[in-house]
Amino acid sequence: MNFNFSERMQSIRASEIRELLKLTEKPDIISFAGGLPAPELFPLKEIEEIASKVIIKQGQGALQYSTTEGYNLLRQIICEQRIKPGATKPTPDNILITSGSQQALDFTGKLFINKGDVIICESPSYLGAINAFKAYEPTFIEVPMDEDGIIIEKLEEILEKYPKAKFIYTIPDYQNPSGITLAVERRKKLVSLAEKYHIPIIEDSPYSELALEGEVYPSIKSFDKNGYVIQLGTFSKTFCPGFRIGWIYAEEEVLQKYILIKQGADLQCSTLDQRIVAHYMEKYCLDTHINKIIEVYKKRRNIMIDSMIKFFPKDIKFTHSKGGLFTWVELKEHMNSAELLKEALEVNVAFVPGASFFPNGGKHNYFRLNYSNMSEDKIAEGIERLGNLLKKYY
Ligand SMILES: Cc1ncc(COP(=O)(O)O)c(C=O)c1O
């Protein structure tokens, strides 16, 4: 079609990988590709009970338009149950309900980025954020990470060079894709750098409550006394992604701008869905549900890591994530994980090649494995098949 599309669409292209990953929908595939929660853990009975109560008792209100900020009870529950108090304590006025945190990422791009502006992110970073930001045509500057997350000295060098960068985007807990967690001291340092350079931090936290082992670190936001951190949360990984309910936690002044953007985008999130989620959380304990999720994911993560140790060539490096949904694999430098994916699909195994997690491209020798969505025996089987493929190259 010969329409005169906007220039920004040139940076948003369907990737070859996306086409390949469509094959993961085949029924016999063992897919480590998506970031999908285990659907068998969705609390169907309880949701059925709550949904029918909401319709019976509040039907007209629940099916009507409602405020852009979101259902007040839900915002209150988020403040009381999901956000641990830190330097400041949120009130519902600090919370905007969004259509998953993906929408919050898009809004962040809209709020901050003019064409060509510098934004700073981890290397690698979340593919969905990279794509959301790309629509606003920024220049991405990637900060290298080690096993404790973003390397602060490198970040400081970048900030010296680009003091007008628009924001620092980070996924500090069990990062997607690497599974890496940012050390506590670095979290504090990040806040002081944000203050020094007057640059906001976008703290994307979908996995912070999915600690499979070890200490749970305080959020970056919890160290933020002066409103430099905009925190994104979601119920996608701790409840059900299908509701598409996430939130932005920010100072009121900043939140007001996000609210204006939300008005222009879709007016509000579904009134019905917000009420179902809120009344579920009012009656049932989400922490108890999260503990069930953790129990299952921990077993799956252990099977995956143990199988990798058993079946992968010894020279292959991978992260032993302490939470979240992913492990990240590094191959020999000259290897291309997209080529490996083609071979893997022939033996009915899928993963996501790593190149798309680097906004400036160039790194082809990584891939991401998800362990939340497949049963334990499929995980063991899939990793053995992958290991057999990899042995040819080592
Ligand atoms: C780091 C990160 N941010 C945001 C999202 C989007 O989540 P949501 O379902 O809340 O839109 C994901 C989903 O996988 C993610 O991994």
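Right, let's walk through the structure included here. (Residues numbered from 1 in each chain as written. Predicted model: local features only at pLDDT ≥ 70, side-chain atom pairs only at ≥ 80, totals over all residues. Heavy atoms only, no water.)

1. Points about the pairing of strand β3 (residues 118-123)
Working step 1: Among the six residues in β3, six count as buried, and that is most of the element.
Working step 2: As defined by bridge partners, β3 adjoins strand β4 (residues 139-146) across six bridges and the pair is classed as parallel. Directly across from Ile 120, in β4, lies its bridge partner Ile 141.
Working step 3: Assessed by its sense of winding, the connection that carries the chain from β3 through helix α5 (residues 127-134) to β4 is right-handed.
Working step 4: Pairing analysis gives two bridges linking β3 to strand β6 (residues 168-170), with the strands arranged parallel. By the bridge assignment for β6, Ile 120 is matched with Ile 168. (Buried < 20%, exposed > 50% of the residue type's maximum accessible area, 1.4 Å probe, protein only. Helix = DSSP H or I, 4+ residues; strand = E, 2+ residues; numbered from the N terminus. Pairing = 2+ DSSP bridges. Right-handed = clockwise from strand over helix to strand, strands pointing away.)

2. Overview of the sheet that holds β6
Working step 1: Spatially, β2-β9-β8-β7-β6-β3-β4-β5 is the arrangement adopted by the eight strands of the open sheet, whose pairing is mixed. Bordering the open sheet on either side are β2 (95-98) and β5 (149-150), each of which pairs with just one other strand.
Working step 2: Strands in contact with helix α8 (residues 252-266) are β2, β7 (201-204), β8 (229-234) and β9 (246-249); relative to β2, the strand with the most contacts, it is inclined by about 25°. (Contact = heavy atoms within 4.5 Å. Axes fitted to C-alpha atoms, helices over the stretch in contact; angles between N-to-C directions.)

3. A word on the site of the ligand
Working step 1: Taken together, the neighbourhood of the ligand is formed by 14 residues, with Ser 101, Asp 204, Tyr 207, Thr 234 and Ser 236 sitting nearest.
Working step 2: For the ligand, an oxygen atom lies 2.7 Å from a polar atom in the backbone of Ser 101.
Working step 3: With four residues, the single largest contributor to the shell around the ligand is helix α4 (residues 100-112).
Working step 4: Residues of the shell around the ligand, tallied by class, amount to five nonpolar, six polar and three charged. (Near = heavy atom within 4 Å. Polar contact = N/O pair within 3.5 Å; in protein donor to acceptor, adjacent residues only side chain to side chain. Nonpolar A, V, L, I, M, F, W, Y, C, P; charged D, E, K, R; others polar.)

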